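Understanding the architecture of this molecule
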Amino acid sequence: MLKVENLQVYYGGIHALRGVNINVEQGQIVSIIGANGAGKSTFLNALSGIIRPKEGKISFKGKSLPQIPYKIVAAGISQVPEGRLVFANLTVKDNLMMGAYLRKDKHGIEKDLGKVFELFPRMAERVDQPAGTLSGGEQQMLAIGRGLMSNPDLILLDEPSLGLAPLLVKTIFEIIKDIKKLNKTILLVEQNAYKALSIADKAYVLEQGRIVKTGTGSELIKDPSIQEAYLGKTLKSYRSND
Amino acid sequence: MTAFMQQIINGLSIGSVYALMAVGYSLVYSIMNFSNFAHGGVIMMGAYIGFFLLTAFKLPFLIAFGLAGVGTGVLALVIERIAYSPLRKRNAPFLYFIISAMGASIFLENIVVATIGPTFKTYPRIFSPEPIAVGNLSIGRLDLIMCVISTISLAALIYVIEKTKVGTAIRATAYSVRASALMGVNTDQIIMIVFGLGGLLGGIAGVLFGMKYTVYPQIGFITMKSFIAAVFGGLGSLPGAVIGSILLGIIETLTSGYISSQYRDLIAFALLIFILIVRPIGLMGKTTEDKA
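So, here is what we can say about the structure in this document.

Analysis parameters
- Residues numbered from 1 in each chain as written.
- Chains lettered and ligands numbered in written order.
- Predicted model: local features only at pLDDT ≥ 70, side-chain atom pairs only at ≥ 80, totals over all residues.
- Heavy atoms only, no water.
- Helix = DSSP H or I, 4+ residues; strand = E, 2+ residues; numbered from the N terminus.
- Rg over C-alpha atoms; globule rule 2.2 N^0.38 Å.
- Buried < 20%, exposed > 50% of the residue type's maximum accessible area, 1.4 Å probe, protein only.
- Areas by Shrake-Rupley, 256 points an atom, 1.4 Å probe, with all protein chains shown as cover.
- Lys, Arg positive; Asp, Glu negative; His and termini not counted.
- Charge placed at Lys NZ, Arg CZ, Asp CG, Glu CD.
- Pairing = 2+ DSSP bridges.
- Contact = heavy atoms within 4.5 Å.
- Axes fitted to C-alpha atoms, helices over the stretch in contact; angles between N-to-C directions.
- Patch = residues over 30% accessible without salt bridge, like charges linked within 9 Å, V, L, I, M, F, W, Y side chains within 5 Å.
- Salt bridge = Lys/Arg side-chain N within 4 Å of Asp/Glu carboxyl O.
- Phe/Tyr/Trp six-rings, centres within 6.5 Å; stacked < 30°, edge-to-face > 60°.
- Arc of directions from axis to C-beta.
- Parallel < 35°, antiparallel > 145°, perpendicular 65-115°, else oblique.
- Nonpolar A, V, L, I, M, F, W, Y, C, P; charged D, E, K, R; others polar.
- Left-handed = near helix turned anticlockwise from the far one by under 90°.

Okay, the overall build of chain A next. A tally of regular secondary structure across chain A gives eleven helices and ten strands. Against the 2.2 N^0.38 benchmark of 18 Å for 242 residues, chain A shows a C-alpha radius of gyration of 18 Å, consistent with a compact globule. Summarising its shape, the C-alpha atoms of chain A cover approximately 50 × 45 × 30 Å along the three principal directions. By residue count, 54% of the 242 residues in chain A fall in the buried class.

Have a look at this one:
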């Protein structure tokens, strides 16, 4: 569904992505894990057209992906950005409607609004409240709901668990699995490697702008070098802290 | 008391025209975070367009009004395309935008001096100078017209911003250009709409201002007072711009009435400095945290 070949991105003089290759199949959850500054957000922003890559090919559903953000959304890719970036000055409802900005099918928008409220009942309760008054977890839910409102085929999630309490992190990952059931493909970027790997059909490890490892989520969880670098020394000790 | 009420009414009238100008500064600031000093030049051009439509073409008042607004709306768009759009594409620092805005402003002023001339022009008399008596108060017909046209224009703007889909997108883009782009908003188009709206209202304000006073190339500098009003109210906030403008209008007329009209601008600019010291974000300004 999404095929990225030799993606090269520069930030001024910094070579942020050094030839990234990624393949996402329809209906999968694909996770990219990596440390701070590995280039994870840069990668998603290059996909969304926020950053223009210097080189590389991105094809989506068999066609070359446009490079302008609103055309990318129209093509069926939406991003839930890191730090949520909900419109604090707009109501919950207006935030969700902004997600559906490019859509004209009133009936379909209503239907998807219903789905979002089903997924996040709390959003239905707070529909007229300014988004800035929501808690961090609620803002994350709103950001995900907003991302779904464009009815994307592929949804890019940038660090959805960042800054949330452990119980909420668990909820968010349950929701990601629910989104998969809605027949969406998910590309997830996370620092919470254990959670990201455990729900992934396929995963990539990004280090200093390069993909250094790939495999299924369960393969990578068992990989000793991954355990050491990303999951704490042993899986057991990580789990006891969970 | 009557004299005081009279000053308040005059203040409301001029304040409402400042508000029309100030929202143009505020709209652009809310999205692009820089003060578009070319807006004064746009307002000045509006005053000239209205003047020529009324004198040389002898068009009816309302048509001249509308055309002046359309003309300045287009002019504001052209300025955006030439002076700002290339800078935006290169992610230039905000200082460059301000310098570019000043350049555009000086250009507009000088092109008028060179082609039309530096002299004052007086609008033809359209409304009878006979004021309307309301109890003890007398309201100038022009003052009333200024108030009515400004209020209608501002109400229309607020309707667009608060109630329409494009308006929601403008508010969203003001909060975060990036998040808005990720929602599928063509942010380039939103920026153009904002310049167009600001120019339209600025042109209308220019005609009103020209009718109240006179028209001359440096009128754009005087409209800087509406910028003060926008800062006073809180740059980037539309209600702030309106409230700040009305307050400035009232402060000005009270100064003229009770102290001396020579102190009017002095007090206006002193007020700006005072506000910047005491409350830099203005009455209803957005804080930098909001923008993060």
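Summing up its helical and strand segments, chain B has 13 helices and two strands in all. In terms of overall dimensions, chain B is globule-like: its C-alpha atoms have a radius of gyration of 19 Å, near the 19 Å expected for 292 residues. For chain B, the spread of C-alpha atoms along the principal axes amounts to about 55 × 45 × 35 Å. Considering chain B as a whole, with its 292 residues, one finds that 52% of them fall into the buried category. Carbon and sulfur atoms make up 71% of the accessible area of chain B, which amounts to about 12,800 Å² in all. Charge centroids of chain B, computed over 18 positive and 10 negative side chains, lie 6 Å from each other.

As a further point, take the sheet that holds strand E1 (residues 2–11) of chain A. All names here are of chain A. With antiparallel pairing, the four strands of this open sheet are ordered in space as E2-E1-E4-E5. Each edge of the open sheet carries a strand with a single partner, namely strand E2 (14–24) and strand E5 (63–64). Of the strands in this sheet, E1, E2 and strand E4 (55–60) are in contact with helix H1 (residues 40–47), which crosses E1 at around 115°.

Moving on, we get to a nonpolar patch on the surface. Residue and element names in this part refer to chain B. Residues Met1, Phe4, Met5, Tyr258, Ile259, Tyr263 and Leu266 make up a contiguous nonpolar surface patch of about 770 Å² in total accessible area. As for its position among the elements, Ile259 is in the loop between helix H11 (238–258) and helix H12 (264–278). We classify Ile259 as exposed; its relative accessible area is 56%.

Here we come to the packing of aromatic side chains. All names here are of chain B. Taken as a whole and judged by the stated rule, the model has 14 aromatic pairs over all chains. For the ring pair Phe51 and Tyr123, a centre distance of 5.8 Å and an interplane angle of 65° mean the geometry is edge-to-face. Placement of Phe51 in helix H2 (residues 39–55) and of Tyr123 in the loop between helix H4 (94–115) and strand E1 (132–134) is noted, with a sequence separation of 72 residues between them. The exposure class of Phe51 is buried, given its relative accessible area of 8%. Tyr123 sits in the buried class, given a relative accessible area of 7%.

The next point concerns helix H3 (residues 92–99) of chain A. Looking only at H3 of chain A, the buried set comprises Val92, Asn95, Leu96, Met98 and Gly99 of chain A. All buried residues of H3 of chain A fall inside an arc of 155° around its axis, so they share one side. The inward-facing, buried residues of H3 of chain A abut helix H4 (106–119), helix H5 (121–125) and helix H6 (136–148) of chain A together with helix H6 (165–175) and helix H7 (177–182) of chain B.

Residues and elements named next belong to chain B. Two elements in contact, H6 and helix H8 (residues 187–212), have axes separated by 10 Å at closest approach and are oriented at 105°. Accordingly, the angle class assigned to the pair H6 and H8 is roughly perpendicular. Contacts between H6 and H8 pair Val166, Ala169, Ile170 and Thr173 from the former with Thr187, Ile190, Ile193, Val194 and Leu197 from the latter. Broken down by class, the residue content of the contact of H6 with H8 amounts to seven nonpolar, two polar and no charged.

Turning our eyes to something else, we now look at the sheet that holds strand E10 (residues 210–215) of chain A. Residue and element names in this part refer to chain A. A sheet is described by the order of its strands in space; here six strands give the open sequence E6-E7-E8-E3-E9-E10, paired in mixed fashion. One side of each edge strand has no neighbouring strand; the edge strands of this open sheet are strand E6 (77–80) and E10. Within the sheet, the average angular offset between the axes of one strand and its neighbour, ignoring direction, is 20°. Here five bridges tie strand E3 (residues 29–33) to strand E8 (residues 185–190), and the two strands are oriented parallel to one another. Following the sheet pairing, Ile29 is matched in E8 by Ile186. Sheet strands in contact with H1 are E3, E6, strand E7 (154–158), E8 and strand E9 (202–207), and its direction is about 145° off that of E8. Contacts from helix H7 (residues 166–181) reach E3, E7 and E8 within the one sheet, and its direction differs from that of E8 by about 155°.

Right, let's get into the pattern of salt bridges. All names here are of chain A. The tally for this structure, following the rule as stated, stands at 22 salt bridges over all chains. As a salt-bridge pair, Arg103 and Asp112 come within 2.6 Å of each other at their nearest N and O atoms. Asp112 matches Arg103 in its accessibility class, with the two residues each being buried. Here Lys181 ties to Asp178 by a salt bridge, and the two come within 3.4 Å at their closest N and O atoms. One end of the pair, Lys181, and the other, Asp178, are both in helix H7, three residues apart, so they sit about a helical turn from each other.

Residues and elements named next belong to chain B. Viewed as axis vectors pointing N to C, helix H1 (residues 2–32) and H11 meet at an angle of 140°, and their least axial separation amounts to 6 Å. On the basis of the axis angle, H1 is oblique to H11. The element H1 and its partner H11 pack so that their crossing is right-handed. Residues belonging to the contact of H1 with H11 are distributed by class as follows: 18 nonpolar, ten polar and one charged.

As a further point, take unusual backbone geometry. With glycine set apart, most residues show a phi of negative sign, and most peptide bonds adopt trans. Residue and element names in this part refer to chain A. Even without glycine at this site, Glu159 takes up a positive phi of about 50°. Tracing the sequence through the fold places Glu159 in the loop between E7 and H7. Residue Glu159 is classed as buried on the basis of its relative accessible area, which comes to 4%.

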